[in-house]
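Descriptive structure summary
As a plain string of letters, each chain reads:
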Amino acid sequence: TPAMSSDPRFAEPTPFARLVYAHAVSVAGDACLTVSLAGSLFFQSPTTAAPGMVLLYLLITMAPFAIFAPILGPMLDRTRGGRRMLVVPSSGGRAVLCLFMAMYVAKPAPEGLLVYPLAFGALVLAKGHQIAKSSLVPALVKSDDELVNANSRLALVSVIAATVGGLPAAGVQQLFGADWSLRVAAIGFAVAAVLALKIPKTRTSGPEDARQGQL
């Protein structure tokens, strides 16, 4: 009815709100993944091997930031709707990788070592998600003031979602093992992928757009 359609409680979520929903669930999934890996092969190695494992862990976690961030941004700028398109497969891909990690996380080496490349892939996708999310925000708000408020809201949502995702994952890991907390993470990423499908396609400002705006 017209009265119902004018009621804000029944209004369609804004494009930015859809991004917030997808981002919140993705962050909760990341928290589940982090908790799961914290109790896996990364930190359960013998003392003599611990320094090497810590170095490997740092390499795996830092490489996506150092190597892939400069490549992903310009590549996505050339694709219409590329950043929105990356949010969906980055969440779906992490869901699949978490399911594979759940198969190997409790196994000893050498099979258990497969967790490392799988974790690396998940971190690369997580970095891609961060890049896409950061550049989608300006395209989904109307002014600089809204942009500041939007980034503040996303930061707050990230803290809350990380807590909401991390605490239950820690309980699941303690009770049932890291393989089950990884499956919980997979469910979270799958839900995030579905929510991201509802984000409208946008085109972010690339170098060519900036030059055209100056003509």
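The structure under discussion appears in the preceding block.
Just so it is clear, the model here is predicted, and its values are computed rather than measured.

**Remarks on the packing of helix H2 (residues 15-38) against helix H7 (residues 178-196)**
Between H2 and H7, the least distance of the axes is 8 Å, while the angle of their chain directions is 165°. Taken together, the axis directions place H2 and H7 in an arrangement best described as roughly antiparallel. Considering only the axes of H2 and H7, their crossing is left-handed. Only Ala178, Ser181, Leu182, Val184, Ala185, Gly188, Phe189, Val191, Ala192, Leu195 and Ala196 of H7 make contact with H2, whose side of the interface consists of Tyr21, Ala22, Val25, Ser26, Gly29, Asp30, Cys32, Leu33 and Ser36. Taken together, the residues that form the contact of H2 with H7 break down as 14 nonpolar, five polar and one charged.

**Regarding the environment of Ala190**
Residue placement: Ala190 occurs in helix H7. The sequence separation of Ala190 and Val88 amounts to 102 residues, and the corresponding C-alpha distance is 9.2 Å.

**Some points on the pattern of salt bridges**
In total, this model carries two salt bridges according to the counting rule given. Between Asp179 and Arg183 there is a salt bridge, and its shortest N-O distance comes to 3.5 Å. Of this pair, Asp179 and Arg183 both sit in helix H7, four residues apart, which is roughly one turn of the helix.

**Considering the nonpolar core**
Among the nonpolar cores identified, the biggest contains 21 residues, and Leu33, Leu37, Cys98, Met101, Val115 and Leu182 are the most heavily contacted of them. Residue assignment for this core shows that the elements contributing at least two residues are H2, helix H4 (82-104), helix H5 (115-140) and H7. Counting residues per element, this core draws most heavily on H4, at six residues. Val20, Leu86, Val157 and Ala196 belong to the second-largest nonpolar core, a separate cluster that totals 20 residues.

**Description of the environment of Phe120**
As for its placement among the helices and strands, Phe120 is situated in helix H5. Overall, the relative accessible area of 27% leaves Phe120 in the partly exposed class. Through-space distance from the C-alpha of Phe120 to that of Leu97 is 9.8 Å; in sequence the pair is 23 residues apart.

**Observations regarding the side chain of Ser90**
Along the chain, the position of Ser90 falls in helix H4. Using a relative accessible area of 0% as the deciding quantity, one classes Ser90 as buried. Excluding residues within four positions of it along the chain, Ser90 makes contact with Leu125 and His129.

**A short note on H7**
In an α-helix, one turn spans 3.6 residues, which is why side chains three or four residues apart end up on the same side. Taking 1.5 Å of rise per residue, the 19 residues of H7 would be expected to cover 27 Å, and the 27 Å separating its terminal C-alpha atoms lies within 8% of that figure. Residues of H7 that are buried include every one of Ala178, Asp179, Ser181, Leu182, Ala185, Ala186, Gly188, Phe189, Ala192, Ala193 and Ala196, and no others. On an axial view of H7, the arc spanned by its buried residues comes to 165°, and they lie on one face.

**Side note on a nonpolar patch on the surface**
A contiguous nonpolar surface patch, about 270 Å² in accessible area, is contributed by Val96, Phe100 and Met103. Mapped onto the elements of the fold, Phe100 is located in helix H4. A relative accessible area of 40% means that Phe100 is categorised as partly exposed.

**Points about the packing of aromatic side chains**
Taken as a whole and assessed by the stated rule, the structure comprises zero aromatic pairs. Directly above the aromatic system of Trp180 lies the positively charged group of Arg183, at a separation of 4.5 Å from the ring centroid.

**Points about the environment of Gly128**
The topology assignment puts Gly128 in helix H5. The class for Gly128 is buried, based on a relative accessible area of 2%. Considering only alpha carbons, one finds Gly128 and Pro89, 39 residues apart in sequence, at a separation of 9.7 Å.

Rules of the game
- Here the residue index of a chain counts from 1 through its sequence in written order.
- Restriction of local features to residues with pLDDT of at least 70 applies here, the model being predicted, together with a cutoff of 80 or more for giving and counting side-chain atom pairs; totals for whole chains, interfaces and linings are based on all residues.
- Hydrogen atoms and water are omitted, and side-chain values are computed over all heavy atoms in the structure.
- An axis is simply a line fitted to the C-alpha atoms; with a helix, the fit covers only the stretch in contact. Between two such axes, the angle follows the N-to-C directions and lies from 0 to 180 degrees.
- Secondary structure elements are defined from DSSP: runs of H or I of at least 4 residues count as helices, runs of E of at least 2 residues count as strands, and each element is numbered from the N terminus.
- These descriptions rest on fixed angle ranges, namely under 35 degrees for roughly parallel, over 145 for roughly antiparallel, 65 to 115 for roughly perpendicular, and the rest for oblique.
- Crossing handedness is defined as follows: a turn of the near helix away from the far one that is anticlockwise and smaller than a right angle gives a left-handed crossing, while the clockwise case is right-handed.
- The contact criterion used throughout is that any non-hydrogen atoms of two residues lie within 4.5 Å.
- Just so you know the grouping, Ala, Val, Leu, Ile, Met, Phe, Trp, Tyr, Cys and Pro go in nonpolar, Asp, Glu, Lys and Arg go in charged, and all remaining residues, Gly too, go in polar.
- Whenever a carboxyl oxygen of Asp or Glu lies within 4 Å of a side-chain nitrogen of Lys or Arg, that contact is scored as a salt bridge.
- In these notes, a set of buried Ala, Val, Leu, Ile, Met, Phe, Trp, Tyr and Cys residues joined through side-chain atoms within 4.5 Å is what counts as a nonpolar core.
- Exposed residues in this analysis have more than 50% of their type's maximum accessible area, buried residues have under 20%, and partly exposed residues fall in between, with area computed by a 1.4 Å probe over protein chains only.
- Between the first and last residue of a helix there are one fewer steps than residues, each counted as 1.5 Å, and that sum is the expected span.
- Think of it as the arc spanned by the lines of direction from the helix axis to the C-beta atoms.
- Residues qualify for a patch when their relative accessible area is over 30% and they have no salt bridge, like charges being joined within 9 Å and the nonpolar side chains of Val, Leu, Ile, Met, Phe, Trp and Tyr within 5 Å.
- Note on areas: these come from Shrake-Rupley sampling with a 1.4 Å probe, and a residue is covered only by the protein chains present in the view.
- Under the pairing criterion, centres of Phe, Tyr and Trp rings, with the six-membered ring standing for Trp, must be within 6.5 Å; the plane angle then separates stacked pairs below 30 degrees from edge-to-face pairs above 60, leaving the rest tilted.
- Criterion for a charge above a ring: Lys NZ or Arg CZ within 6 Å of the ring centre, and within 35 degrees of the ring normal.

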